[in-house]
Amino acid sequence: MIRSLLAGPAAGTGSDRTWGGIRTATTWGAAVGMISAACLALTAGLVDLTAGGGDTPVLLMAGGLAGVASSLLVARVNRPDRIRPSEVLSGATTALVSMVLCVAGLYLLTGAAGQPDDALFEATSGVTTTALSVLDPSSFGRGLLLVRAGSQWFGGLGALVLAVVILPFQGRGGEFADRSGRDGRIPLAPNQRVALRNIFALYVPLSLVIWLAYTLAGSGCFDSLLLAMATVSTGGFTGPGNLLADGETRWVAVVGMILSGTSIVVLWRLVVGRGRGLLRSRELRSYLSILIVATGLFLAWSGPMEGVDLREALFTVSSAITTTGFPSDPMGEWSAALPVLLLLLVAIGPMTGSAGGGFQILRLRILLNSATREMVRQLHPRVVARVRLGGRVAEESTVRQATVVQFVFVAVLFTTALVVATLGLDMAAALSASVHAVSTAGPVRALDGSILDPSGWPRPSRMALLPAMVSGRLFLYPAAVTGGTLLIELGNQLRLRRRWRRWRARGTR
Amino acid sequence: MAGPRDQMSAIQSRWATTTGHVAGLALLFVAAGMGLGTLVELLDGTDGGAMAGATAITAGIGLLLWRSTRPGRLDHATVFTAVGGTWLIVSVLGALPYLLAGTFDRPGIGLPVVIADALFESVSGYSASGSTVFGSHNPIAAQGTGLLLYRQLTQWIGGMGIVVLVVTVLPSVRAAGLGLIDAEAPGAGVDRLAPRVADTARRFWLLYLGLTILVAVGLLAAGMGPFDAVAHSLTTISTGGFSTRDASIGHWDSLAIELVIMLGLVIGAANFTLHARSLGTRRPLHQRDPEFRGYLGVLGVGTILATLMLCADGYGPATALRNGAFNVVTLGTSGGFGNATTRGGPGDFASWPAGPQVLLLFLLVFGGCTGSTSGGVKVMRLRIGAAHAYRTLRSIRRPRAILPVRFGNMVVADHLVERVAGFVVVYGMFLVGGTLVVAALGSDLLTALSGVASALGNMGPALNQAGPTASFVDGYSSPGRMVLALLMLVGRLEIFPMLLMVVAPYRAIQRHAPGRRPDRWWRRFPR
């Protein structure tokens with residue numbers, strides 16, 4: 001593959017040889033990741049220059065190099081005969097991984113991280129919007145702080161692109177892509193190009209609005225930018241110091257998190273003026289109901305704790321359910337049920353089609369409805385029953401996908417917990433950390449509610465969380481499809497069967 | 001034509017009479033078990049008044065219910081109601097010996113807690129779970145032999161299934177017996193060993209009895225006393241886990257006894273149809289069954305992993321292998337025995353490092369084979385789930401391919417795959433919801449999660465504060481134990497019968513209630 005890249009499109013046989021779909025997809029994916037990292041590094045370099053920081057040369061040079069490399073990749077890529085959905089998903093996975101590697105490189109080159117595994121962990125945590133940090137941001141210049149927050153912003157954007165532009169058009173969940181222009185409404189995603197444009201048209205202004213709101217609430221301009229990037233991407237990295245100490249800032253954070261956890265389809269309809277009847281969306285009603293009930297339970301179970309009021313309860317609950325992960329230290333003594341409640345909220349996650357992680361509410365509703373269908377079938381074995389969502393009959397492929405995601409979610413969770421526990425973390429922390437990693441949420445709490453610091457965990461345990469974070473950010477099954485596709489392609493490349501037959505044929509002569 | 005109210009009354013009457021009829025006969029079997037306990041107490045010279053009283057009351061109620069009722073038309077709703085109702089009634093009345101003997105009476109403990117503990121122990125027995133509220137505060141060794149024998153018998157009866165027992169003798173339900181048996185264990189898909197259902201049920205019970213006798217002989221040969229050997233054989237083949245000793249199998253600290261117990265558990269957690277067919281053809285058919293192979297594979301891999309992890313933690317290879325194998329087998333088969341000789345010793349898995357404990361937590365969910373006495377999700381369902389996931393992921397790569405779900409050489413129909421998926425979803429919801437409720441009632445995350453997993457899977461011990469050397473009184477509040485008891489019943493009946501017992505009447509009311517449902521409030525918003 002590298003020889004083909006360097007030689008150009010006429011490699012190998014001398015004829016106009018097209019590339020395989022997997023090769024094209026992964027190359028494009030790598031290019032997208034590098035371009036994103038390049039933009040981030042160049043912007044951070046310029047900001048660092050204006051602030052008089054010491055990381056400017058490194059950031060600008062690294063950004064430039066990444067940009068040149070990605071341009072070379074894009075220029076050399078040949079269009080394939082055809083590209084399969086599995087290959088597109090592999091490309092998305094490659095984009096995420098390449099961005100992680102580029103951001104990790106930035107941390108290492110600037111000296112922010114002394115060890116490669118720390119840089120890799122921080123970069124993965126940022127790009128996957130997980131908010132588990134091992135580095136101390138108080139020593140960072142503005143450029144690096146922007147890299148940290150920007151990696152989350154790009155990660156959130158990538159999650160939306162995957163959820164709305166890629167997945168629905170690759171044969172899974174297409175019926176929920178908001179394609180139809182019925183009832184006179186303007187659809188969000190009539191095709192992939194328009195969907196991509198509309199996502200940018202929503203995500204960027206939303207970031208700016210939240211930035212403005214934080215500034216008006218009293219935070220400094222740069223601090224507000226960091227908070228806004230962390231909020232809109234549901235990432236959770238804040239800057240040095242306690243930027244969310246102020247009450248008004250926390251209210252802005254609550255509203256921002258709730259909006260970021262809402263499906264982009266709902267936000268789109270609000271923006272294009274078709275907000276009436278939004279409450280008919282059962283997913284939105286479920287999301288708001290969970291938020292209200294969980295806040296009530298939080299208040300009930302926190303009892304007479306000093307400093308716990310509606311704002312604090314809403315802040316902690318919305319931080320958990322949107323998988324943002326803004327930290328809030330427990331005041332007083334938490335009851336045993338509160339960490340369990342927050343862990344459950346993290347696992348459930350926000351609405352589908354948002355930047356949040358977790359299992360997500362629509363999938364949960366699909367599972368509930370399919371379980372109800374099975375109960376009806378137990379009573380009436382010959383009944384023809386369909387799973388309905390939002391008044392429409394869901395396709396069986398969508399129902400199947402949801403059950404498979406559940407299976408993969410549990411499998412990844414248990415495998416990660418087993419490996420992390422074996423590599424040195426205690427059982428409660430291992431289970432909790434695994435749930436948070438797969439759901440791309442932070443922070444991890446102990447049984448008493450106190451926040452655990454990942455920098456104190458054994459290094460092998462931290463590394464074991466990275467695949468779970470990457471899988472979780474990719475909504476699980478693209479990562480599984482990528483793993484399978486790469487294994488198959490590797491097998492094809494090695495051509496084991498042919499070699500085996502040739503060896504046998506030689507042996508029989 | 002009868003109006004909706006009359007139809008509803010007829011349906012409710014049918015449910016009540018059918019449940020009463022089946023439960024009545026089940027109670028007679030339970031009373032027989034109590035009677036056996038009474039006999040042992042009398043022979044032992046201890047005061048058998050409480051056991052005799054419980055026997056009389058249970059037999060009286062059972063006789064009254066059986067003779068005064070007739071089963072109606074056995075549609076699916078009636079079957080699920082009858083099965084769920086029978087198990088509830090048996091579990092409640094099964095607590096009578098503990099209550100009348102004052103087993104859980106302690107100074108400073110109120111009557112509600114005493115009743116709750118008795119109910120918990122009864123449910124744990126009949127559901128073949130093995131979780132116990134006996135402990136250092138109330139040792140098992142201080143109880144009478146008759147009561148202990150009854151306690152062991154509860155697991156033996158519940159292991160194969162009370163309803164299966166009823167079907168063998170109840171002529172009026174024989175025609176629908178297959179439905180009743182299938183409702184007691186919905187995932188199993190009962191194989192007929194004989195043309196008549198009653199004969200099939202009888203053969204299962206005879207096989208069960210034969211295997212129990214074999215295990216008893218094995219334990220006697222390994223060095224256990226006669227009473228202990230019989231008592232432990234009852235709870236080994238039923239994969240229940242109750243012991244007549246506070247330290248469970250650890251009391252003997254004998255490798256031979258542990259090996260016999262492990263073998264008995266592996267047999268008890270395998271498909272009894274396989275055992276029966278192997279006996280019929282006089283050659284083992286187990287190696288051909290993909291589920292059995294998968295089940296042995298899980299136990300084997302689990303043992304290897306646990307052994308390696310314990311060795312890495314500083315245990316000697318022999319100790320690691322012995323304790324790793326025993327605890328993996330006992331939890332993987334939902335047995336629930338313990339081989340810890342002391343708290344914190346190598347057999348006390350609650351003191352193991354985190355890695356093997358996570359492995360055991362996984363095994364709490366896994367379970368044995370379908371058609372066995374074990375609990376859990378069951379190997380077949382998990383394999384079908386994994387095959388379904390693999391098929392769906394492959395179909396992304398090849399969207400136009402027709403890819404069936406295979407289990408061994410067999411193609412699994414889509415409706416069965418959907419049923420398995422639905423079961424796993426509901427199981428997961430009970431696991432998560434149960435953990436939240438038990439945590440809200442005072443337990444920490446690990447204790448709550450492992451307790452709920454253990455209860456749903458009818459495993460026995462849990463982790464953290466409810467480990468093999470602890471009692472469920474230590475880790476859970478009284479209301480928490482009641483929630484766990486309910487979950488044990490739900491898990492024993494494999495969820496759907498208990499759920500449908502609640503849902504079916506609601507649906508019937510919906511269908512037959514006069515008037516229409518009111519508009520949902522959100523439909524009033526204009527588009």
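Preceding this paragraph is the structure being described.
(A) Up close: the interface of chain B and chain A. With 54 residues of chain B at the contact, the number on the chain A side is 54 residues. Taken together, the two surfaces of chain B and chain A that pack against each other cover about 5000 Å², and 75% of this comes from carbon and sulfur. For the pair chain B and chain A, the number of links is two salt bridges. Of the charged contacts in the structure, one is a salt bridge between R373(A) and E418(B), with a shortest N-O distance of 3.9 Å. Where chain B packs against chain A, one counts two residue pairs in polar contact (both at pLDDT 80 or more). Take the side of chain B that touches chain A: its biggest share by element is 13 residues, from helix α17 (residues 414–440) of chain B. Tallied by class, the residues present in the side of chain B that touches chain A amount to 34 nonpolar, eleven polar and nine charged.

(B) How the structure looks around the environment of I166(A). Position of I166(A) among the secondary structure elements: in helix α6 (residues 142–166). Residue class for I166(A) comes out buried when judged on its relative accessible area of 16%.

(C) Summary view of a positive patch on the surface. Residues and elements named next belong to chain A. A cluster of like positive charges, contributed by R498, R499, R501, R502 and R506, occupies part of the molecular surface. Tracing the chain through its elements places R502 in helix α19 (residues 496–508). Classification of R502 by relative accessible area gives partly exposed; the value is 48%.

(D) Just the pattern of salt bridges, in detail. This model, assessed by the stated rule, comprises 20 salt bridges over all chains. D253(B) is paired through a salt bridge with R322(B); the nearest N and O atoms lie 3.2 Å apart. In this pair, D253(B) is assigned in the loop between α10 (226–237) and α11 (255–268) and R322(B) in helix α14 (residues 317–332), connecting sequence segments 69 residues apart. Three or more residues joined by partner-sharing salt bridges are found here, namely R373(A), E374(A), R377(A), E396(A) and E418(B).

Cut-off values and rules
Every chain begins its residue count from 1, and numbering advances along the sequence as written. Lettering for chains starts from A, numbering for ligands starts from 1, and both go in the order in which the items are written. Reporting in this predicted model follows two pLDDT cut-offs: at least 70 for local features of residues, and 80 or more for side-chain atom pairs to be given and counted; totals over whole chains, interfaces and linings ignore these cut-offs and use all residues. To obtain the side-chain values, all non-hydrogen atoms of the structure were included, while hydrogens and water were left out. Contacts are residue-level and defined by heavy atoms, with any inter-residue pair within 4.5 Å sufficient. Joining two parts hides part of their accessible area as seen by a 1.4 Å probe, and the buried area is that hidden amount summed over both. Within this document, salt bridges are pairs made up of a side-chain nitrogen of Lys or Arg and a carboxyl oxygen of Asp or Glu, the two lying within 4 Å of each other. Definition of a polar contact: a pair of N or O atoms within 3.5 Å, with one able to donate and the other able to accept a hydrogen when the atoms are protein atoms, and with sequence-neighbouring residues admitted only if both atoms are side-chain atoms. Secondary structure elements are defined from DSSP: runs of H or I of at least 4 residues count as helices, runs of E of at least 2 residues count as strands, and each element is numbered from the N terminus. Note on residue categories: nonpolar means Ala, Val, Leu, Ile, Met, Phe, Trp, Tyr, Cys or Pro, charged means Asp, Glu, Lys or Arg, and polar means any other residue, Gly included. A 1.4 Å probe rolled over the protein chains alone gives each residue an accessible area, and that area as a share of the maximum for its type sets the label: buried under 20%, exposed over 50%, partly exposed in between. Patches here: salt-bridge-free residues with over 30% relative accessible area, like charges joined within 9 Å, nonpolar side chains (Val, Leu, Ile, Met, Phe, Trp, Tyr) joined within 5 Å. Computed with the Shrake-Rupley method and a 1.4 Å probe, the accessible areas treat only the protein chains shown as cover for residues. Positive: Lys, Arg. Negative: Asp, Glu. His and the chain ends are not part of the count. Taken as the charge centre is NZ of Lys, CZ of Arg, CG of Asp or CD of Glu, depending on the residue.

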